[in-house]
Amino acid sequence: MDTLLKDDILTIDVLSGLAKRVATYDRENRFFSEDFEILKKGGYLTIGVPKELGGRGLTLAETARLQRTLAYHAPATALGINMHVYWIGVAADLWRSGDKTLEWMLREAMAGEVFAAGHSERGNDLPMLLSTAKAEKASGGFKFTGHKMFGSLAPVWTRYGLHALWADADGGPKVVHAFMPRDADGYKIVETWDTMGMRATRSDDVVLDGAFVPDKYIARILPAGGVDPFVLAVFAWALVGFANIYYGMSQRAADLAAAAVKGKKSLAVSRTMAYHPEVQHSMAQLMLTLDPVGPHLEQVARDWSDGVDHGATWPSKIVSAKHHAVEACWKIVDIAMELSGGAGMFRGNELERLFRDARCGRFHPANSALVHEIVAKTALGIDLGEQPRWG
């Protein structure tokens, strides 16, 4: 297992405690409340806040390694926490670059506020860039109407990061990015979260019905389809975070598979099944799939953290890293399940849960279709914003 332990955050005792609660959260479809409070108390929610503002000042590369370790022990906890961590990382990166417009987010995070993501919508495969939700200018702010999905951290968020289309804005349609306080009027959380995997994230729907957000919580207003450093940073922090979570799960599945075959026997084999040639072949396939993922993720995260200028190729690099990690995870967990034999089918087996959790990786943005579009257009020199999109 790849580790980067901060002795006062992800201690061995903390991680073992998280791991012990995973099965219960999953079985009861319950939010990871105890994990959340432990991580919050330990300062995990402010690891990305610059040191000058009271945080630990971790970069994307450093945060990604911690998220990988967290996911090895508690995947759904890591995924839920990622939604807060990436917002703080975005604000911190902008702050370090000289853009202090989101410093208030960093200060609110230090004061205990919890940020969540409200980007997913039915009928929109370009989250952040377009929206099925509606933004209307109002006195002192904006009103938002729409239906958001996959709102992780539903029981605990205090600032809900959302975006919506301002259709009648001067100069053409614009996307408004905002953070809705939990005490706002005009919205409701609908408890829809009963899913095959990542159950402890409690990613319930949020229905906006004229929800008012004051101007002080408006983060950006951009032309529809437009990308600026804020939007690009969201993709970097969110997707590299997703990628490392599923990489951590892959590492766990590999360890479980190895332990299973080394302890598995058959009457027709004189030693354990670890000496069976086909078992060895499958284990080799697993490791050959796993080994390239870490270096790929490390390179992308380091380049981002070091400010490497990849220009217009950054979106391609970000989505390909996420795609590589989640596709590898699905294959690795599937092989691990084969190696475990029938025992992996049972609900009490950790691989059974990992199998369900691993499938969720393909649902996170960018999905496979969008990844292939971005990577291909970038390689062919086609502007990602060119219209018509196809044909």
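The rules behind the values
Residues numbered from 1 in each chain as written. Predicted model: local features only at pLDDT ≥ 70, side-chain atom pairs only at ≥ 80, totals over all residues. Heavy atoms only, no water. Helix = DSSP H or I, 4+ residues; strand = E, 2+ residues; numbered from the N terminus. Contact = heavy atoms within 4.5 Å. Buried < 20%, exposed > 50% of the residue type's maximum accessible area, 1.4 Å probe, protein only. Polar contact = N/O pair within 3.5 Å; in protein donor to acceptor, adjacent residues only side chain to side chain. Salt bridge = Lys/Arg side-chain N within 4 Å of Asp/Glu carboxyl O. Axes fitted to C-alpha atoms, helices over the stretch in contact; angles between N-to-C directions. Parallel < 35°, antiparallel > 145°, perpendicular 65-115°, else oblique. Nonpolar A, V, L, I, M, F, W, Y, C, P; charged D, E, K, R; others polar. 1 Å grid on protein atoms, 1.4 Å probe; cavity = no way out; pocket = protein on both sides within 12 Å on 5 of 7 lines; lining within 4 Å. Points joined across faces, edges and corners; volume = space filled by probe spheres on them. Left-handed = near helix turned anticlockwise from the far one by under 90°. Core = buried A, V, L, I, M, F, W, Y, C linked by side-chain atoms within 4.5 Å. Expected span 1.5 Å × (residues − 1). Disulfide = S-S within 2.5 Å.

1. A short note on the overall build of the chain
Here is step 1 of the chain: In terms of helices and strands, the chain carries 11 helices and 8 strands.
Here is step 2 of the chain: Counting only C-alpha atoms and orienting by the principal axes, one finds that the chain spans roughly 80 × 50 × 40 Å.
Here is step 3 of the chain: Across the chain, contacts joining residues at least 24 apart in sequence account for 73% of those joining residues at least 6 apart.

2. A closer look at the environment of Gln67
Here is step 1 of the chain: Position of Gln67 relative to the elements: it lies in helix α3 (residues 60–73).
Here is step 2 of the chain: The buried category is assigned to Gln67, whose relative accessible area is 1%.
Here is step 3 of the chain: In sequence terms Gln67 and Val156 are 89 residues apart; their C-alpha atoms lie 19 Å from each other.

3. Side note on helix α10 (residues 350–359)
In an α-helix, one turn spans 3.6 residues, which is why side chains three or four residues apart end up on the same side.
Here is step 1 of the chain: A large share of α10 lies buried, amounting to 7 of its 10 residues.
Here is step 2 of the chain: Taken together, the buried positions of α10 are Leu351, Glu352, Arg353, Leu354, Arg356, Asp357 and Ala358.
Here is step 3 of the chain: Those residues of α10 that are buried are in contact with α1 (12–28), α4 (75–96), α6 (229–262) and α9 (314–340).
Here is step 4 of the chain: The N-cap of α10, judged by a side-chain oxygen 2.8 Å from the amide nitrogen of Leu351 a few residues on, is Asn349.

4. Here's the deal with the pattern of salt bridges
Here is step 1 of the chain: Per the stated rule, a full pass over the model turns up 26 salt bridges.
Here is step 2 of the chain: With a closest N to O distance of 3.0 Å, Glu298 and Arg65 form a salt bridge. With a gap of 233 residues between them, Glu298 in helix α8 (residues 293–305) and Arg65 in helix α3 connect regions that are remote in the sequence.
Here is step 3 of the chain: Classification of Glu298 as buried rests on a relative accessible area of 16%.
Here is step 4 of the chain: The partly exposed category is assigned to Arg65, whose relative accessible area is 22%.
Here is step 5 of the chain: Salt-bridge contacts for Asp215 lead to Lys137; the nearest nitrogen and oxygen are separated by 3.8 Å. Linking Asp215 in the loop between β7 (204–214) and β8 (218–223) with Lys137 in strand β2 (residues 134–138), this pair joins segments that are 78 residues apart in sequence.
Here is step 6 of the chain: The class for Asp215 is partly exposed, based on a relative accessible area of 40%.
Here is step 7 of the chain: In this structure Lys137 comes out as partly exposed when scored by relative accessible area, which is 44%.

5. Brief notes about the packing of α1 against α3
Here is step 1 of the chain: Where α1 meets α3, the closest approach of the two axes is 8 Å, and the angle between their N-to-C directions is 45 degrees. By the angle between their directions, the pair α1 and α3 is classed as oblique. Of the residues in α3, those touching α1 at Leu15, Leu18, Ala19 and Val22 are Thr69, Leu70 and His73.
Here is step 2 of the chain: Its residues assigned to classes, the contact of α1 with α3 comprises 5 nonpolar, 2 polar and no charged.

6. Examining empty space enclosed by the protein
Here is step 1 of the chain: Under the definition given, this model contains 1 cavity of 30 Å³ or more.
Here is step 2 of the chain: The volume enclosed by the largest cavity comes to roughly 80 Å³.
Here is step 3 of the chain: What lines the largest cavity is a set of 13 residues, among which Val22, Tyr25, Asp26, Ala76 and Ala200 lie closest to the centre.
Here is step 4 of the chain: At the level of elements, α1, α4 and α10 are the ones that each hand at least two residues to the lining of the largest cavity.

7. Considerations on the packing of α4 against α6
Here is step 1 of the chain: Where α4 meets α6, the closest approach of the two axes is 9 Å, and the angle between their N-to-C directions is 150 degrees. Taken together, α4 and α6 sit at an angle that is classed as roughly antiparallel. Between α4 and α6 the crossing geometry is right-handed. Residue-level contacts link Pro75, Ala78, Leu79, Asn82, Met83, Val85, Tyr86, Trp87, Gly89, Val90, Asp93 and Leu94 of α4 to Pro229, Phe230, Ala233, Val234, Trp237, Ala238, Gly241, Phe242, Ile245, Tyr246 and Met249 of α6.
Here is step 2 of the chain: Looking at the contact of α4 with α6, its residues break down into 19 nonpolar, 3 polar and 1 charged.

8. A word on the nonpolar core
For soluble globular proteins, the rule of thumb is that nonpolar side chains tend to be buried together.
Here is step 1 of the chain: The biggest cluster of nonpolar side chains holds 131 residues, and the ones touching the most others in it are Tyr44, Trp87, Phe144, Met180, Phe230, Tyr246 and Leu286.
Here is step 2 of the chain: No other element matches α6, which puts 21 residues into this core.
Here is step 3 of the chain: Residues in contact with Met180, not counting those within four places in the same chain, are Trp157, Thr158, Arg159, Tyr160, Leu162, Tyr187, Val206, Leu208, Ala211 and Val213.

9. Some points on α9
Here is step 1 of the chain: Its 27 residues place the ends of α9 39 Å apart at the C-alpha level, agreeing with the 39 Å of an ideal helix rising 1.5 Å per residue.
Here is step 2 of the chain: Following α9 by one or two positions, Gly341 has its phi on the positive side, about 80 degrees.

10. Things to note about the state of the cysteines
Here is step 1 of the chain: Tallied over the full model, the rule gives 0 disulfides.
Here is step 2 of the chain: The cysteine Cys329 is free of any disulfide, with Cys360 supplying the nearest cysteine sulfur at 10 Å.
Here is step 3 of the chain: We classify Cys329 as buried; its relative accessible area is 0%.

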